[in-house]
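What the coordinates show
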Amino acid sequence: MTKDSPWFYENFEQSGSAIGFRVTGKLDEVRSAFQLIEIWNTTDWGKLMVIDGAIMLTSRDNFLYHEMMAHPVLFTHTNPKRVVIIGGGDCGTLREVLKHKEVENAVQVDIDEQVTRMSEKYFPELCESNHDPRAELLFDDGIAYMRNIAPESVDVVIVDSTDPVGPAEGLFNEAFYASCARALRSGGILVQQSESPLVHLSLIKAMRHHMAVAGFAHSRTLTFPQPCYPTGWWSCTLARKGGELSGFRERGAYSKTFSTRYYNVETHRAALATPEFMRELGD
Ligand code: SAM
């Protein structure tokens with residue numbers, strides 16, 4: 001735990017930048033059928049999960065991402081009862097979703113059971129709602145799951161996936177969005193983590209084009225800080241079958257009965273603000 005401790009770095013070739021954490025050592029490592037999962041202990045950020053060399057989360061800052069993947073979409077939908085999470089194996093998004101009392105059922109579909117097993121061991125605080133009777137944890141390919149789900153059976157789909165390479169590549173295309181559109185009830189909303197607005201604007205543009213072609217009438221990209229991801233600034237993109245995406249249930253968010261550390265009405269409004277360089281997205 002000294003200044004001489006080693007550092008874990010993730011280099012981002014695309015942006016010529018890197019993010020690093022001072023570590024005291026590797027706590028665990030498992031090579032699953034899909035990916036290499038590593039857990040490191042850091043000096044200042046708690047534990048660190050890395051998949052195939054890409055930083056997934058730290059104990060200290062994951063609340064930003066998990067809250068922003070769950071609460072904006074749930075406070076935008078008028079009455080979210082049935083939620084599907086694709087990916088999300090660390091279970092942090094599931095925990096946030098289940099804070100909403102009106103949610104009757106939340107199915108999490110991660111391709112890799114080992115991610116959840118590692119999270120249970122090293123991030124137990126994220127897994128504290130896994131035994132909620134409304135939660136269902138499946139270990140399956142999210143692409144196939146959405147292809148086969150009953151039409152018009154879901155209110156919200158949350159895609160909490162790894163980057164669009166490897167097993168997650170097929171979660172960013174038109175065929176997957178068409179499956180989501182078919183699965184959603186009228187007024188239903190899809191939200192997907194959409195990488196860094198600073199370096200992945202063309203990816204976000206492509207995602208939104210595919211969403212429109214797949215039948216989503218409106219889409220909108222929200223931004224928020226996320227220190228452990230490339231550039232430290234991240235985004236999620238919402239797409240709705242019918243209805244607008246410019247506002248949200250502010251009164252519900254004001255009087256929410258659960259605690260959050262980042263999300264509130266003001267941070268939600270701030271996330272909806274469009275920086276000038278992002279205007280080309282049409283928000
Ligand atoms: N949001 C984090 C990020 O951007 O770094 C990722 C967190 S979460 C751990 C990502 C999860 O997506 C992983 O557990 C991975 O197994 C899962 N995943 C990747 N491709 C998938 C697929 N096709 N179906 C279901 N889950 C998938």
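Below or above, wherever it landed, is the structure these notes cover. Given the structure is predicted, the values throughout are model-derived calculations rather than measurements. (Residues numbered from 1 in each chain as written. Predicted model: local features only at pLDDT ≥ 70, side-chain atom pairs only at ≥ 80, totals over all residues. Heavy atoms only, no water.)

**Comments concerning the sheet that holds strand S12 (residues 233-240)**
Strand order in this open sheet of seven strands is S8-S7-S6-S9-S10-S12-S11, and the pairing throughout is mixed. In this open sheet, the two strands that pair with only one neighbour each are strand S8 (135-139) and strand S11 (218-225). Each neighbouring strand pair of the sheet contributes to a mean axis angle of 15°, computed without reference to strand direction. Sheet topology places strand S9 (residues 154-160) next to strand S10 (residues 184-193); five bridges connect them, and they run parallel. Its bridge partner being in S10, Ile158 is matched across the sheet by Val191. Its contacts with the sheet put helix H1 (residues 62-74) on strand S6 (82-87), S9, S10, S11 and S12, and the angle it makes with S9 is roughly 160°. (Pairing = 2+ DSSP bridges. Helix = DSSP H or I, 4+ residues; strand = E, 2+ residues; numbered from the N terminus. Axes fitted to C-alpha atoms, helices over the stretch in contact; angles between N-to-C directions. Contact = heavy atoms within 4.5 Å.)

**Here we look at the side chain of Asn105**
Looking at the element boundaries, Asn105 is found in strand S7 (residues 105-110). A polar contact is formed between the side chain of Asn105 and the side chain of Arg82, at a distance of 3.2 Å. Excluding residues that lie within four positions of it along the chain, Asn105 makes contacts with Lys81, Arg82, Val83, Arg134 and Glu136. (Polar contact = N/O pair within 3.5 Å; in protein donor to acceptor, adjacent residues only side chain to side chain.)

**Side note on the sheet that holds strand S2 (residues 17-31)**
The five strands are arranged S1-S2-S3-S4-S5 in an open sheet whose pairing can be described as antiparallel. Two strands bound the open sheet, and with one partner strand each, they are strand S1 (7-12) and strand S5 (54-58). Adjacent strand axes in the sheet meet at a mean angle of 45°, parallel and antiparallel pairs treated alike. Summarising the sheet, S2 and strand S3 (residues 36-42) pair through seven bridges and their orientation is antiparallel. The residue of S3 that forms the bridge with Val23 is Thr42. Contacts from helix H3 (residues 113-122) reach S2, S3 and strand S4 (47-51), with the element oriented near 95° to S2.

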